[in-house]
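So the chains spell out like this:
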Amino acid sequence: MNPNIPRTDRKRVVIVGAGFGGLRLARKLSSRKEFQVVLINKNNFHEFQPLYYQVATSGLEASSILFPLRAVFQDCKNVHIRVTTVTMVHPDTKTIDTDLGPIEYDYLVVGIGADTNFFGQKNIIERALPMKSVSEAITLRNRMLQSFEDALSVDNLDEKEGFLNVVVVGGGPTGVELCGTFAEMRKTVLPSDYPELDFRMMKIYLIESGAELLGPMSQESQVKSLKYLEKLGVIVRLKTRVQDFDGRYVYMNDGTTIRTNNLVWAAGVRANALNGLPAEALGRGGRLMVNRFSQVQGFTDIFAIGDIALMTEEKYPDGHPQIAQPAIQQGKHLAENLIRTVKGEPMKEFRYKDLGTMATIGRGKAVVDLPFWSFQGVFAWMVWLFVHLMAIVGVKNRLLILINWGWNYLSDDQSLRLIIKPKLPKGNMEAIRQKVEDQLVTK
């Protein structure tokens, strides 16, 4: 196969990853005649990560938070999109290897983000449910809905408890938002969907190793979020670590256990790896160490932005938070610096502008920290809705989400509680069956 990208006299900027940073950079350069932009992504769409939890809890359809990349750049003839995976970087020849073949670059920008960090716990890697992609969010939705279906068919209280209970690990925004939504579903829609089940049996646990929820936020927001969750009936356990999970029991560091078949892991992230870059360029959490121009340590033509980039400032000695805003701002800033470079002008240093942090804890409950003001409650929830709605790519997506949110608010009922599983071709099923039989014979 061949990437089939025409060579021109323009400077070629190869962007690996179409997350918040990569997409913003590509859009800023798409109209510039000085550049040829090659955008590489493993999927043909951009994902709006802050709303994964709403897909996982049946609040939104997956298509509402996805946007096709080709629709963004329909009229941009200098942008070439390739759906593939990068396997190696060769800085000496200024090329990258992909599943489609090699691609040359003048400037390489790495924006491949981060994935779930299981901290090397083998059983948890194999059995827990992460949520760092839309496919994982759909898998979580399927698992929870199937668990409710399975709970109908067991008489044993222990088995029923295992299907109904859910443990969420990680007290950041994802964990808090998931637990709040699960708690509201337990109170409203689930008893209507499953009148044969007693949802007073269903326990929702939030496990956090730190002393508070929403660590980076203000103390006022931390206290309020805990109060909101406890009012919804979520069992919050602070200063507690999960040590193991065997598929039936979650084991804590204090010796206690929780009966559940459903462990959701939202406890940390680790930067995705890209082969070919020197180990000396890697910092804490596998992130690529960059200077204030986003240049990877040791290079002038390789850049990193977003979650994978470890850039320090006076206020952020351990790097910027791995959220959307730093990625968006770095993408915009790098575009401006690349334009300065081709004009022969010096680049300017990046400075992160903190626009605030927010999290929602169910309908009508949210916490918002702005640089100049912290507030909670219904108004904070409305601000959360507005900010996330306006950040979505595509007018159609915004309209669909607005309709969904309006309907859910008025009716107390999401209409997307569907168990959708992939169906493999018969040939694949036969191969799986044969593999299982071979393993049994070997044993």
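Details of the structure are given in the entry above.
Sequence order as written defines the numbering, with residues in each chain counted from 1. A pLDDT threshold of at least 70 governs which residues receive local features in this predicted model, and a stricter bar of 80 or more applies before side-chain atom pairs are shown or counted, although totals over entire chains, interfaces and linings include all residues. Hydrogens and water molecules were not included; the side-chain quantities draw on all heavy atoms of the structure.

Right, let's talk about the overall build of the protein chain for a bit. The numbering of helices and of strands both runs from the N terminus, where a helix is a DSSP run of H or I of at least 4 residues and a strand a run of E of at least 2. Of regular secondary structure, the protein chain possesses 13 helices and 24 strands. Relative to the globule expectation of 22 Å for 443 residues, the C-alpha radius of gyration of the protein chain, 23 Å, shows essentially globular dimensions. In terms of principal-axis extent, the alpha carbons of the protein chain reach across some 70 × 65 × 45 Å. Remark: exposure states derive from per-residue accessible area (1.4 Å probe, protein chains only) relative to the maximum for the residue type, with buried under 20%, exposed over 50%, and partly exposed in between. Going through the 443 residues of the protein chain one by one, you find that 51% of them count as buried. For the radius of gyration, the atom set is restricted to C-alpha positions; the globular benchmark scales as 2.2 Å times the number of residues to the power 0.38.

Right, let's talk about a positive patch on the surface for a bit. A surface patch of like charges, here positive, comprises Arg24, Arg27, Lys28 and Lys332. Of all the elements, helix α1 (residues 20-29) adds the most residues to the positive patch, at 3 residues. Here Lys332 shows up in helix α10 (residues 324-342). Patches draw on residues past 30% relative accessible area with no salt bridge. Two like charges within 9 Å are joined, as are two nonpolar side chains (Val, Leu, Ile, Met, Phe, Trp, Tyr) within 5 Å. Per-residue accessibility takes into account occlusion by the displayed protein chains alone, with areas from the Shrake-Rupley method and a 1.4 Å probe. Here, a salt bridge means any Lys or Arg side-chain nitrogen found within 4 Å of an Asp or Glu carboxyl oxygen. The charge count treats Lys and Arg as positive and Asp and Glu as negative. His and the chain ends do not count. In plain terms, the charge of a residue is placed at NZ if it is Lys, CZ if Arg, CG if Asp and CD if Glu.

The subject of this paragraph is the nonpolar core. Of all hydrophobic cores here, the largest spans 67 residues; its most connected members are Leu51, Ile65, Phe148, Leu206 and Leu229. At 7 residues, helix α5 (residues 134-151) tops the list of elements feeding residues into this core. Here, two residues are considered to be in contact whenever any of their heavy atoms come within 4.5 Å of each other. Discounting chain neighbours no more than four positions away, the residues touching Ile65 are His46, Glu47, Phe48, Leu51, Tyr52, Val55, Leu60, Val134, Asn397 and Ile401. Only buried Ala, Val, Leu, Ile, Met, Phe, Trp, Tyr and Cys residues count toward a nonpolar core, and they belong to the same one when joined by side-chain atoms within 4.5 Å. In terms of nonpolar packing, the next biggest core, distinct from the first, is built from 28 residues, Val16, Ala271, Ile308 and Met311 among them.

Pairing between two strands requires that DSSP report at least two bridges joining them. If you walk across this open sheet you meet the 3 strands as β6-β7-β8, and the pairing is antiparallel. Single-partner strands in this sheet number two, and they are β6 (86-90) and β8 (101-104). Each strand axis lies, on average, 25 degrees off the axis of its neighbour in the sheet, ignoring direction. Examined bridge by bridge, β6 and strand β7 (residues 95-98) share 4 bridges and lie antiparallel to one another. Bridge pairing in β7 places His90 opposite Thr95. Lines fitted to C-alpha atoms define the axes, with helix axes restricted to the stretch in contact, and inter-axis angles between N-to-C directions lie between 0 and 180 degrees.

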